[in-house]
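Take a look at the letters that make up each chain.
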Amino acid sequence: MSAEAKQVKLAGVSKRFGDVVAVHPLDLTVPAGEFLTLLGPSGCGKTTLLRMIAGLEGVTSGRIFVGEEDVTLMPPNRRDTSIMFQDYALFPHKTLADNIAYGLKMRGMDKGNRNQLAGEWLQRIDLPDFHSRYPHELSGGQRQRVALARSLIINPGVLLLDEPLGALDANLRRQLQGELKRIHSEVGLTFIYVTHDQEEALTMSDRIAVMRSGRVEQIATPGDLYDRPETEFVAQFMGVPNILTATISKVSAGKAEADCEGLPPLRFRAEEASVGDAVKLALRPSNIGLEPAGKVRSNSASILIADASFAGDVVRVAARTEAGIELAVEVDRRGNTDIRLEPGSKWLATWNDSSLIPLRTVP
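If you're wondering where the values come from, they're calculated on a predicted model, not measured in any experiment.

**Some details on the overall build of the chain**
- Summing up its helical and strand segments, the chain has nine helices and 20 strands in all.
- With the C-alpha coordinates aligned to their principal axes, the bounding extent of the chain is approximately 80 × 50 × 35 Å.
- Within the chain, buried positions represent 46% of all 363 residues.
- The long-range share in the chain, meaning contacts at least 24 apart out of those at least 6 apart in sequence, stands at 66%.
- Element-wise, carbon and sulfur atoms account for 46% of the exposed surface of the chain, whose accessible area totals about 17500 Å².
- Of the side-chain charges in the chain, 42 are positive and 46 negative, and the distance between the mean point of each set is 3 Å.

**Notes on the sheet that holds strand E10 (residues 215-220)**
- The strand order E6-E7-E8-E3-E9-E10 describes an open sheet built from six strands, whose pairing is mixed. With partners counted over all chains shown, the strands left at the sheet margins are strand E6 (81-85) and E10, one partner each. Pairwise comparison of adjacent strand axes, ignoring direction, gives a mean angle of 20 degrees for this sheet.
- With five bridges connecting them, strand E9 (residues 207-212) and E10 associate as antiparallel partners. Across the sheet, residue Met-211 finds its bridge partner in E10, namely Val-216.

**Side note on the pattern of salt bridges**
- Applying the stated criterion across every chain, the model contains 18 salt bridges.
- Between Arg-228 and Asp-224 there is a salt bridge; the shortest N-O distance is 2.3 Å.
- A relative accessible area of 49% places Arg-228 in the partly exposed class.
- You can call Asp-224 partly exposed: its relative accessible area is 31%.
- As a salt-bridge pair, Arg-316 and Glu-330 come within 3.5 Å of each other at their nearest N and O atoms. Of this pair, Arg-316 sits in strand E17 (residues 314-321) while Glu-330 sits in strand E18 (residues 326-332), and the two are 14 residues apart along the sequence.

**Comments concerning unusual backbone geometry**
- Phi at Asp-126 takes a positive value of approximately 65 degrees, unusual for a residue other than glycine.
- With phi around 50 degrees, Ala-253 is a residue other than glycine that occupies positive phi space.
- Judged by relative accessible area, Ala-253 falls into the exposed class, the value being 79%.

**Notes on the environment of Thr-81**
- Within the fold, Thr-81 resides in strand E6.
- As for Thr-81 and Pro-292, which are separated by 211 residues in sequence, their C-alpha atoms are 58 Å apart.
- When residues no more than four places from it in sequence are discounted, the contact partners of Thr-81 are Ala-54, Val-66, Pro-156, Val-158 and Leu-160.

**Brief notes about the packing of aromatic side chains**
- Following the criterion strictly, the structure yields four aromatic pairs and no others.
- On the basis of an interplanar angle of 40 degrees and a centroid distance of 5.7 Å, the ring pair of Phe-35 and Tyr-193 is categorised as tilted. With Phe-35 in strand E3 (residues 35-39) and Tyr-193 in strand E8 (residues 190-195), this residue pair connects regions lying 158 residues apart in the sequence.
- Relative accessible area serves as the criterion here: at 1%, Tyr-193 is assigned to the buried category.
- An aromatic cluster is present here, built from Phe-35, Phe-191 and Tyr-193 joined pairwise through their rings.
- Positioned above the aromatic ring of Trp-121 is the side chain of Arg-124, whose terminal nitrogen or guanidinium carbon lies 4.5 Å from the ring centre.

**Digging into the nonpolar core**
- With 34 residues, the main nonpolar core has Ile-100, Trp-121, Val-146, Leu-152, Leu-180 and Phe-191 as its most contacted residues.
- The element that contributes the greatest number of residues to this core is helix H5 (residues 140-152), accounting for five residues.
- Core analysis: the next-biggest nonpolar cluster, separate from the first, contains 30 residues, Ile-303, Val-317, Ala-319 and Leu-356 among them.

**Details of the packing of H5 against helix H6 (residues 170-187)**
- One can describe the packing of H5 onto H6 by two numbers: an axis separation of 11 Å at closest approach and a directional angle of 20 degrees. Taken together, the axes of H5 and H6 lie roughly parallel to each other. Considering how the two elements wind past one another, H5 and H6 form a crossing that is right-handed. Residues Gly-141, Gln-144, Arg-145, Leu-148 and Leu-152 of H5 pack against Leu-172, Gln-175, Leu-176, Glu-179, Leu-180 and Ile-183 of H6.
- Class assignment for the residues of the contact of H5 with H6 results in six nonpolar, three polar and two charged.

**Here's the deal with the sheet that holds strand E5 (residues 69-70)**
- Strand order in the open sheet made by the four strands is E2-E1-E4-E5, with antiparallel pairing throughout. Each edge of the sheet is formed by a strand with only one pairing partner; in this case those strands are strand E2 (20-30) and E5.
- Taken strand by strand, helix H1 (residues 46-54) contacts strand E1 (8-17), E2 and strand E4 (61-66), and its axis lies near 120 degrees from that of E1.

**As for H1**
- The buried fraction of H1 amounts to seven of the nine residues, a majority that puts the element mostly inside the structure.
- Those residues of H1 that sit buried are Lys-46, Thr-48, Leu-49, Leu-50, Met-52, Ile-53 and Ala-54.
- Just downstream of H1 lies Gly-55, where phi reads positive at about 90 degrees.

**Notes on the pairing of strand E11 (residues 242-252)**
- Taken together, the six bridges between E11 and strand E14 (residues 278-283) define a ladder with antiparallel strand orientation. Pairing of Leu-244 across the sheet is with Leu-281, part of E14.
- The pairing of E11 with strand E12 (residues 255-259) spans five bridges and is antiparallel. In the strand pairing of E12, Thr-247 is matched with Asp-259.

What counts and what doesn't
Residues numbered from 1 in each chain as written. Predicted model: local features only at pLDDT ≥ 70, side-chain atom pairs only at ≥ 80, totals over all residues. Heavy atoms only, no water. Helix = DSSP H or I, 4+ residues; strand = E, 2+ residues; numbered from the N terminus. Buried < 20%, exposed > 50% of the residue type's maximum accessible area, 1.4 Å probe, protein only. Contact = heavy atoms within 4.5 Å. Areas by Shrake-Rupley, 256 points an atom, 1.4 Å probe, with all protein chains shown as cover. Lys, Arg positive; Asp, Glu negative; His and termini not counted. Charge placed at Lys NZ, Arg CZ, Asp CG, Glu CD. Pairing = 2+ DSSP bridges. Axes fitted to C-alpha atoms, helices over the stretch in contact; angles between N-to-C directions. Salt bridge = Lys/Arg side-chain N within 4 Å of Asp/Glu carboxyl O. Phe/Tyr/Trp six-rings, centres within 6.5 Å; stacked < 30°, edge-to-face > 60°. Lys NZ or Arg CZ within 6 Å of the ring centre and 35° of its normal. Core = buried A, V, L, I, M, F, W, Y, C linked by side-chain atoms within 4.5 Å. Parallel < 35°, antiparallel > 145°, perpendicular 65-115°, else oblique. Left-handed = near helix turned anticlockwise from the far one by under 90°. Nonpolar A, V, L, I, M, F, W, Y, C, P; charged D, E, K, R; others polar.

What follows is the structure in structure tokens.
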């Protein structure tokens with residue numbers, strides 16, 4: 001099977017429900033063949049945005065293009081898109097083959113060809129002998145594979161996925177993440193995926209658009225999003241609880257120094273900075289090292305351990321500086337299994353210049 005992947009372009013698209021703005025006007029281009037994830041907490045507008053692309057919600061303003069075609073006013077069945085939901089939406093009284101081939105039936109394809117294509121998809125999703133089975137005879141993961149096959153068999157240019165793995169347990173979810181990524185690579189279509197799960201987004205996506213309150217706050221590759229969050233919300237949503245507030249005191253050749261009450265000078269890389277500017281700096285817990293208590297220096301702090309919890313390869317530490325600033329630290333246990341982080345013990349937390357990430361202010 002070979003469908004033609006389509007670009008999706010949103011131009012000034014917004015959505016209001018009465019007085020509530022679900023999606024503020026935004027521009028977004030998803031290149032043909034890309035796996036883009038819309039990531040954010042519940043109520044941020046990501047599912048509403050997906051439903052507008054699918055044609056299940058009308059737009060309040062703006063235009064939606066699939067390929068070169070303006071589909072803003074088109075009904076869902078005339079758009080070159082297909083959508084996959086979390087609840088599978090399979091017909092309980094139809095066999096798996098009939099479920100998978102349903103879209104082809106609606107398009108007038110004869111039964112022989114429908115059955116052949118359904119059989120090919122059952123092979124592709126590792127259910128080759130399940131042609132005559134019914135949805136209730138399958139596990140949740142198997143039903144999700146059938147729903148995926150039904151969405152893709154019609155050869156859409158764009159596949160829209162609304163938290164399709166949200167109802168599955170952690171192990172099965174990880175397995176199907178790999179399968180979705182493999183199928184995306186094989187079919188080469190444009191995937192637009194909605195999730196609130198950061199790990200899922202990082203694992204699967206070419207790019208991630210982090211949404212907050214109906215706006216895209218940052219869009220980047222998984223690596224850039226993880227290493228260089230741009231705002232306090234994105235940093236905290238991506239697992240960086242340490243946000244230090246400081247005032248810039250020195251600037252020199254792409255580096256800056258800032259004063260944070262109760263800490264030695266904070267040194268960090270900064271392309272644009274001015275003396276006197278207020279700045280917020282993100283510091284990932286895994287980028288903090290621990291040394292025996294000693295003299296503080298720049299980019300360090302004396303800390304008191306409040307709690308330490310075992311989490312497999314890491315120990316998660318809650319600590320507080322002498323000035324009362326709370327710090328979360330992750331200590332890698334590999335090769336360091338003898339470390340003892342007892343509540344009440346004193347340590348020196350350290351980090352390097354590149355670990356401090358300056359954040360931009362969002363109005």
